[in-house]
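What follows is each chain in one-letter form.
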Amino acid sequence: MKNQFTGTLIIGAGLAGLACARRLHDEGKGFSICEAADRIGGRVATDVCDGYRLDRGFQVLLTAYPEARRLLDYEALDLRHFYPGALVRYGGKWHRVADPFRHPIDGLRGAFNPIGSFADKLRVGWSRLGGFDFSRHDDGLTTLQALRAEGFSQSMIERFFRPFLGGVFLENELDTTVRKLEFVMRNFAAGGTAIPALGMAEIPRQLAAALPATSIRLNSRVKAIYGNRVHLDNGEILSPKAVVIATEAGGVERLLGRNDPPADSNLATCLYFTAPSAPVNEPILLLNGESTGPVNNLTVLSAVSPGYSPPGQHLISISVADPGAAAAPDLEVRVRRQLVDWFGAGTQAWELLRIDRIPHAVPSQRVAPDKPARLRKGLYQCGDHCGIASIDTALASGTAAAEAVLEDLP
Ligand SMILES: Cc1cc2nc3c(=O)[nH]c(=O)nc-3n(C[C@H](O)[C@H](O)[C@H](O)COP(=O)(O)OP(=O)(O)OC[C@H]3O[C@@H](n4cnc5c(N)ncnc54)[C@H](O)[C@@H]3O)c2cc1C
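Model, not experiment: these values are computed from the prediction.

J.: Go over the nonpolar core with me, naming the residues and quoting the values.
T.: Counting residues in hydrophobic clusters, the biggest one holds 112 residues, and the most contacted among them are Cys20, Val244, Cys382 and Ala401. The biggest single contributor to this core is helix H14 (residues 391-408), with nine residues. Non-local contacts of Val244, meaning those with residues more than four positions away in its chain, are made with Thr8, Ile10, Ile11, Cys20, Tyr380, Cys382, Ala401 and Val405.

J.: Could you give an account of the pairing of strand E4 (residues 46-49), naming the residues involved and the relevant values?
T.: In the case of a regular strand, side chains alternate between the two sheet surfaces. Both E4 and strand E5 (residues 52-55) contribute to a ladder of four bridges, which runs antiparallel. When the sheet's bridge partners are listed, Cys49 is paired in E5 with Tyr52.

J.: Now, about unusual backbone geometry: what can you tell me, with residues and values included?
T.: You will see that Asp50, though not glycine, has its phi angle at about 50°, which is positive. Note that Asp50 resides in the loop between E4 and E5. What makes Asp50 exposed here is the crowd of 10 C-beta atoms within 10 Å. Its identity as a non-glycine residue notwithstanding, Leu170 has a phi of 65°, on the positive side. Assignment of secondary structure puts Leu170 in the loop between helix H7 (154-169) and helix H8 (178-190).

J.: Residue-level account of the packing of helix H1 (residues 15-26) against H14, with values.
T.: Where H1 meets H14, the closest approach of the two axes is 7 Å, and the angle between their N-to-C directions is 40°. Regarding the angle of H1 to H14, the classification is oblique. As H1 packs across H14, the resulting crossing turns out to be right-handed. Residue-level inspection shows Leu15, Ala16, Gly17, Leu18, Ala19, Cys20, Arg23 and Leu24 of H1 in contact with H14, the latter providing Ile391, Ala394, Leu395, Ser397, Gly398, Thr399, Ala401, Ala402, Glu403 and Val405. Residues belonging to the contact of H1 with H14 are distributed by class as follows: twelve nonpolar, four polar and two charged.

J.: Tell me what's going on with the site of the ligand, and back it up with residues and numbers.
T.: In the vicinity of the ligand, 33 residues are found, and the nearest of them are Gly12, Gly14, Gly42, Gly57 and Gln59. At the level of elements, H1, strand E20 (351-363) and H14 are the ones that each hand at least two residues to the shell around the ligand. Of the residues that make up the shell around the ligand, three or more belong to each of domain 1 (2-44 + 201-263 + 367-408) and domain 2 (46-81 + 195-200 + 265-363).

J.: Could you give me a rundown of the environment of Leu15, with the residues and numbers involved?
T.: Assignment of secondary structure puts Leu15 in helix H1. Classification of Leu15 by C-beta neighbours within 10 Å gives buried; the count is 32.

Procedures and definitions
- Residues numbered from 1 in each chain as written.
- Predicted model: local features only at pLDDT ≥ 70, side-chain atom pairs only at ≥ 80, totals over all residues.
- Core = buried A, V, L, I, M, F, W, Y, C linked by C-beta atoms within 7 Å.
- Buried ≥ 20, exposed ≤ 12 C-beta atoms within 10 Å, placed from the backbone.
- Helix = DSSP H or I, 4+ residues; strand = E, 2+ residues; numbered from the N terminus.
- Contact = placed C-beta atoms within 7 Å.
- Pairing = 2+ DSSP bridges.
- Axes fitted to C-alpha atoms, helices over the stretch in contact; angles between N-to-C directions.
- Parallel < 35°, antiparallel > 145°, perpendicular 65-115°, else oblique.
- Left-handed = near helix turned anticlockwise from the far one by under 90°.
- Nonpolar A, V, L, I, M, F, W, Y, C, P; charged D, E, K, R; others polar.
- Near = placed C-beta within 6 Å.
- Domains from an automatic or database assignment.

So, in structure tokens, the structure goes:
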């Protein structure tokens, strides 16, 4: 069945595809999005279950992300902010690691805790102010090598950076490229960490709300692209003027029938618990600075945004970064053992709502990619795999792909 659609066809309604669509729509250009799933948003999703809002894997928006600031209406998202710092578990106690420049009193109190030396604390504060120049490090360096080169002590790396960055990169070897460290620290330094009051899926929802309702076709998987013909799973063949592949890593190769080896991904594992009382009542990240137990980080999401849980209940998210620990068949039992150690036997009453296992959460990036938007005239790509994988890169790559389309097909 051949279809006469002649505008730009965008494959994928994740953040990259939606940002691309927004740019084309702003220019009054015709486009259509084919999305394989039954919803928009790709890896940014929120399920509402019995009054709880469960993001598919714990994730946050850094408010300084430049493309996000440009495209999103933060006020309408009703962003709820995290405390700029963390509680770190070490030596059987919780230690507050605060940003000394934003919370001077807490920063001073934390200056003499065992999570790194006093000099480390000043370095962290300085780097959050953007004063650290990770850009001077060679592209080939890993995050771990760069932290060592900057003079951070082993204790600061083990007790703070490994759990903190492990949770951000979704790998705790810290062999992610120094370029991602640079990107992440720059954005942490320049703004806050937040979630929309009603869940991360509000982000793609807001982007899509500005598009014509009929422009997004759900349950429409593209099977292959031959020349300028796009074949859908349902047998339809489209001949658009331009095609933008806005899928996750590996989509371009798959759709073009290339035999490139599949891209490596970091996996994410997140357990959601509900409890009648919260282990902490502030919007803060809790990090495991001890090298034991499966839990990497824990957040009481209902303390960040009460809209994440029904009244009187708390929603707790727990992320596991170590793939071996995440794969253990008794993961829940091990997590519960750690919770008893941290907060006491009362945690046995916490109810497990769900375990999210996301095998391809972000591309593994030992080397920083820099993929062009234009594959050839009429064929374009975007997605987080085009640069340092993040919400912002997905959005920026979508805009860049639209710019390339506009340039080629004015
Ligand atoms: C658990 C987790 C935690 C994260 N934490 C953070 C964080 O804290 N901060 C941050 O900045 N980033 C984080 N990220 C990364 C961020 O979510 C992604 O980088 C971003 O959402 C990627 O968007 P995208 O549009 O590039 O790809 P995707 O969201 O993967 O969108 C691709 C879309 O293409 C569709 N598609 C694929 N193949 C086809 C086909 N053949 N036909 C039609 N449609 C197709 C897919 O269904 C999907 O909807 C996290 C990701 C996960 C999973």
